[in-house]
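Letter by letter, the chains look like this.
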Amino acid sequence: LIPLPESQRRGEAATAAPLQEPCKNTFNPPDPLLQLTILRELSGMLDGKHDINLLLEMVLEGIARGIGMDRALFAMLNPERTRLRARYALGWDSQDMREKFVFDISPLQANVFSHVLDGREPLWIGPNMDPRIKSLLSSAVLAVSGGKAFFVMPVEINGRSIGLFYADRSTSGRELDEEAFTAFRHFCQQANLALAYTRRGR
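Notes on the structure in this doc start here. (Residues numbered from 1 in each chain as written. Predicted model: local features only at pLDDT ≥ 70, side-chain atom pairs only at ≥ 80, totals over all residues. Heavy atoms only, no water.)

Further remarks concern the packing of aromatic side chains. Following the criterion strictly, the structure yields 15 aromatic pairs and no others. Judged by centre distance (4.9 Å) and plane angle (65 degrees), the ring pair of F103 and F113 falls under edge-to-face. Linking F103 in strand β3 (residues 102–104) with F113 in helix α5 (residues 112–119), this pair joins segments that are 10 residues apart in sequence. This pair shows no difference in class: F103 is buried, exactly as F113 is. When the centroid spacing of 6.1 Å and the interplanar angle of 40 degrees are considered together, the rings of F113 and F150 count as tilted. You can see F113 sitting in helix α5 and its partner F150 sitting in strand β5 (residues 150–157), a full 37 residues away along the chain. This pair shows no difference in class: F113 is buried, exactly as F150 is. Grouping aromatic residues by their ring pairs yields a cluster made of W92, F101, F103, F113, F150 and Y166. (Phe/Tyr/Trp six-rings, centres within 6.5 Å; stacked < 30°, edge-to-face > 60°. Helix = DSSP H or I, 4+ residues; strand = E, 2+ residues; numbered from the N terminus. Buried < 20%, exposed > 50% of the residue type's maximum accessible area, 1.4 Å probe, protein only.)

Moving on, we come to α5. Buried within α5 we find V112, F113, S114, V116 and L117. One side-chain oxygen of the residue at the start of α5 lies 2.8 Å from the amide nitrogen of F113, identifying that residue as N111. Of the residues trailing α5, R120 is marked for its positive phi of about 55 degrees. (Polar contact = N/O pair within 3.5 Å; in protein donor to acceptor, adjacent residues only side chain to side chain.)

For A183, the location among the structural elements is in helix α8 (residues 178–201). In this structure A183 comes out as buried when scored by relative accessible area, which is 12%. Distance in space between the C-alpha atoms of A183 and G66 is 9.0 Å, their sequence separation being 117 residues. Excluding anything up to four places from it in sequence, A183 contacts Q35 and I67. (Contact = heavy atoms within 4.5 Å.)

The sheet contact formed by strand β1 (residues 71–77) and strand β2 (residues 83–90) spans six bridges and is antiparallel. If you follow A72 over to β2, its bridge partner there is L90. Between β1 and β2, which pair antiparallel one after the other, the connecting turn spans five residues, and R81 there sits at a positive phi close to 60 degrees. Alignment of β2 against β3, held across three bridges, turns out to be antiparallel. If you follow R85 over to β3, its bridge partner there is V102. (Pairing = 2+ DSSP bridges.)

Looking now at the pattern of salt bridges. Enumeration according to the criterion identifies six salt bridges in this entry. Between R174 and D70 there is a salt bridge, with the nearest N and O atoms lying 2.5 Å from each other. A residue pair is termed long-range when its members are at least 10 positions apart, and R174 in the loop between β6 (160–168) and α8 and D70 in the loop between α3 (52–66) and β1 qualify at 104 residues. By relative accessible area, R174 is classed as partly exposed at 27%. Two residues, D130 and R132, come together in a salt bridge whose shortest N-O distance is 2.8 Å. The class for R132 is exposed, based on a relative accessible area of 64%. (Salt bridge = Lys/Arg side-chain N within 4 Å of Asp/Glu carboxyl O.)

Spatial ordering of the open sheet is given by β3-β2-β1-β6-β5-β4, a layout of six strands whose pairing is antiparallel. Of all strands in the sheet, those bounded by a partner on one side alone are β3 and β4 (123–125). Averaged over all neighbouring strand pairs, the angle between strand axes comes to 25 degrees, with direction disregarded. Sitting on the sheet, α3 is in contact with β1, β2 and β6, with an inclination near 70 degrees to β2. Against the sheet, α5 makes contact with β1, β2, β3, β4, β5 and β6, and its axis sits at roughly 40 degrees relative to β5, the strand it touches most. (Axes fitted to C-alpha atoms, helices over the stretch in contact; angles between N-to-C directions.)

This is a description of form; function is not addressed.
Shown next as structure tokens:
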């Protein structure tokens, strides 16, 4: 509460200002070294039985912090294959994730996620997407993505989709690019391989 001399206040202001600079960007930039490290660890899981939870967490870590995505999520089909629900995520509010990322999988309620699970192909949802895909962006999907671009790719075991990976940069508003999409597909492919090997080990 004691006032400081004017000269000392000026000196403190000059030294304190630069400390605020890092707050301008709190989002993960791409980290190629981290990508490589996690991909190597995933490759090491192809030689035997491993914990599936750890595997999925590593893939999400690679997507979020390695590729530099704001949010990454793994969603899984229920045993009846009628509902897709979020199971693991990074960069999401947990309550928001549980409430919003729940989708019925039915021919009568087609959406982009059911399309990906059926087609078993990765998709980059963005401005230049096929108009037929755009028609599958239901209000529930737009609520999850915030109307922003995103990547999505199915997770398969023995040629059958069991769930999918989703990633976006909707929080920061940064653009998606081809390099990020390629890296995203690579992580998902490694996850598919590791899951297949883990299942065989059982």
